[in-house]
Amino acid sequence: MTPFGATSTNPTMTSHITPFLEHIHACNQAQLPGQRAPFFWRDEQIGWVSPDIAHELRSLNANTGNILGIQDTGALRPLALTLAQRGLYKLHHEDFDIRNKAGDIIGQVDRGAIPILGLAAEGIHLNGLVETNRGPHLWVARRSMDKKLDPGKLDHLVAGGMSAGLTPSTTVIKEAEEEAGIPPSLAQQAKPVSRIQYAMERPEGLRRDVLHCYDLILPETFRPTPNDGEVESFHLLPLMEVFERVRSTHDFKFNVNLVLIDLFLRRGLFSPQDHTLIHNALHPIAS
């Protein structure tokens, strides 16, 4: 791991943006459909499944002819639980809402089932910023070595999946208190600033994540507290140092890089030409 305190350079003096584009491309390397088959709720596609999962779904009669999927809203959760019982994933014991394209909730599944069914999952990332007379700083977390996913990597002050029944804003308040000891009265001041999507092949399956990004300006006197065992430590770093780490290393968890690059864009840390190239890669739908 790269130690803290690395020397940073002035990002506005370089046009070398390849590392930033590589971080973006790394989170969007899923080739769809590839060998995956579409998974439907009624006549609307909601996921992508591998040949192995497609075979299991057919054995469970989760198909109509060659079309894989379900018809009833209540069928999604028991189907996912059956796949866990067959050893295709480990239960996380945390349900997520699954939505259709209109944003309506069509059911819930255990968090572990989302990548194997290629369903879209939502989460939040919070940039914990401190404005000082030495320039902007960012609170950075070091993930616990006990984490199953990317142990020891650097992370946001607060980040987490959106559990069933929650909204992005209520998730921010919940995760802020649980992960960093941020009181609700302070966490509710977080401002929604961006929305990022990506599709990535991971060992656990297909990640099709939607990240709701927030900025929270924290007082200089605030000190986060690791509360739930998911974070090893917190560090307050100059934003320019964070910029340099994203450009020069792979210290941060894969999707954290995307949210940080979005922050760098909004803070004007790229030249106008580089800004356009990176923005279009990060937000292809809006570009």
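Residues numbered from 1 in each chain as written. Predicted model: local features only at pLDDT ≥ 70, side-chain atom pairs only at ≥ 80, totals over all residues. Heavy atoms only, no water.

**Examining the layout of surface pockets**
It is the rolling of a water-molecule-sized probe over the atoms that shows where space remains empty. By volume, the largest pocket is sized at about 1200 Å³. Lining the largest pocket are 43 residues, with His 92, Arg 111, Lys 147, Leu 149 and Arg 207 sitting closest to its centre. Of all the secondary-structure elements, those providing two or more residues to the lining of the largest pocket are helix H4 (113-117), strand E7 (120-132), strand E8 (135-143), strand E9 (154-156), strand E10 (158-161), helix H5 (168-180) and strand E12 (205-217). A per-element tally of the lining of the largest pocket places E7 first, with five residues. Its residues assigned to classes, the lining of the largest pocket comprises 15 nonpolar, 10 polar and 18 charged. By volume, the second largest pocket is sized at about 750 Å³. In terms of lining, the second largest pocket is formed by 28 residues, of which the most central are Ala 120, Arg 195, Gln 197, Arg 208 and Val 210. Among the elements of the structure, strand E2 (44-49), strand E5 (95-99), E7, strand E11 (191-202), E12 and helix H9 (272-282) are those that each provide at least two residues to the lining of the second largest pocket. Of the residues contributing to the lining of the second largest pocket, the split by class is 13 nonpolar, seven polar and eight charged. (1 Å grid on protein atoms, 1.4 Å probe; cavity = no way out; pocket = protein on both sides within 12 Å on 5 of 7 lines; lining within 4 Å. Points joined across faces, edges and corners; volume = space filled by probe spheres on them. Helix = DSSP H or I, 4+ residues; strand = E, 2+ residues; numbered from the N terminus. Nonpolar A, V, L, I, M, F, W, Y, C, P; charged D, E, K, R; others polar.)

**Here we look at the side chain of Arg 143**
Relative to the helices and strands, Arg 143 is located in strand E8. There is a polar contact of 2.7 Å between the side chain of Arg 143 and the side chain of Asp 155. Ignoring sequence-local partners within four residues, the contact set of Arg 143 consists of Leu 149, Asp 150, Pro 151, Gly 152, Lys 153, Asp 155, Glu 230, Glu 232 and Lys 253. (Polar contact = N/O pair within 3.5 Å; in protein donor to acceptor, adjacent residues only side chain to side chain. Contact = heavy atoms within 4.5 Å.)

**As for the sheet that holds strand E3 (residues 63-64)**
Paired through backbone hydrogen bonds, the strands of a sheet run either parallel or antiparallel to each other. Strand order in the open sheet formed by four strands is E2-E1-E4-E3, and the pairing between neighbours is mixed. Edge positions in the sheet fall to E2 and E3, since each has one partner strand and no second. Of the pairings in the sheet, the one linking E3 to strand E4 (residues 67-70) comprises two bridges and is antiparallel in character. Each bridged residue has a counterpart across the sheet, and for Thr 64 the counterpart in E4 is Ile 67. (Pairing = 2+ DSSP bridges.)

**Concerning the environment of Ala 187**
If you trace the backbone, Ala 187 turns up in helix H6 (residues 184-187). Sequence separation between Ala 187 and Gly 118 is 69 residues; the distance between their C-alpha atoms is 31 Å. Beyond its immediate chain neighbours, meaning those up to four positions away, Ala 187 contacts Val 172, Ile 173, Ala 176, Ile 182 and Leu 216.

**Concerning the packing of aromatic side chains**
Applying the stated criterion across every chain yields a total of six aromatic pairs. Put simply, the rings of Phe 20, Phe 243, Phe 264 and Phe 270 pair up and form one aromatic cluster. (Phe/Tyr/Trp six-rings, centres within 6.5 Å; stacked < 30°, edge-to-face > 60°.)

**Comments concerning the pairing of E12**
Burial runs high along E12: 11 of the 13 residues are buried. In terms of strand pairing, E7 meets E12 through 10 bridges, oriented parallel. Residue pairing in the sheet places Ile 124 in a bridge with His 212 of E12. For E11 and E12, the ladder comprises 11 bridges, and the chain directions are antiparallel. Among the inter-strand pairings, Arg 202 is bridged to a residue of E12, identified as Gly 205. Adjacent in sequence and paired antiparallel, E11 and E12 are bridged by two residues. (Buried < 20%, exposed > 50% of the residue type's maximum accessible area, 1.4 Å probe, protein only.)

**Some words on the nonpolar core**
Membership of the largest hydrophobic core comes to 32 residues, with the highest contact counts inside it found for Phe 20, Val 242, Leu 260 and Phe 264. Elements supplying a minimum of two residues to this core: helix H1 (18-26), E8, E11, E12, helix H7 (239-248), helix H8 (254-266) and H9. At nine residues, H8 tops the list of elements feeding residues into this core. Ignoring sequence-local partners within four residues, the contact set of Phe 264 consists of Phe 20, Leu 239, Val 242, Phe 243, Val 246, Leu 269 and Phe 270. (Core = buried A, V, L, I, M, F, W, Y, C linked by side-chain atoms within 4.5 Å.)

**Digging into the pattern of salt bridges**
What the rule picks out here adds up to 17 salt bridges. A salt bridge links Arg 266 to Asp 262, with the nearest nitrogen and oxygen atoms 3.0 Å apart. Of this pair, Arg 266 and Asp 262 both sit in helix H8, four residues apart, roughly one helical turn. Residue classification places Asp 262 among the buried residues on the basis of a relative accessible area of 4%. Several salt bridges converge on common partners, so that one network encompasses Arg 202, Glu 204, Arg 207 and Asp 209. (Salt bridge = Lys/Arg side-chain N within 4 Å of Asp/Glu carboxyl O.)

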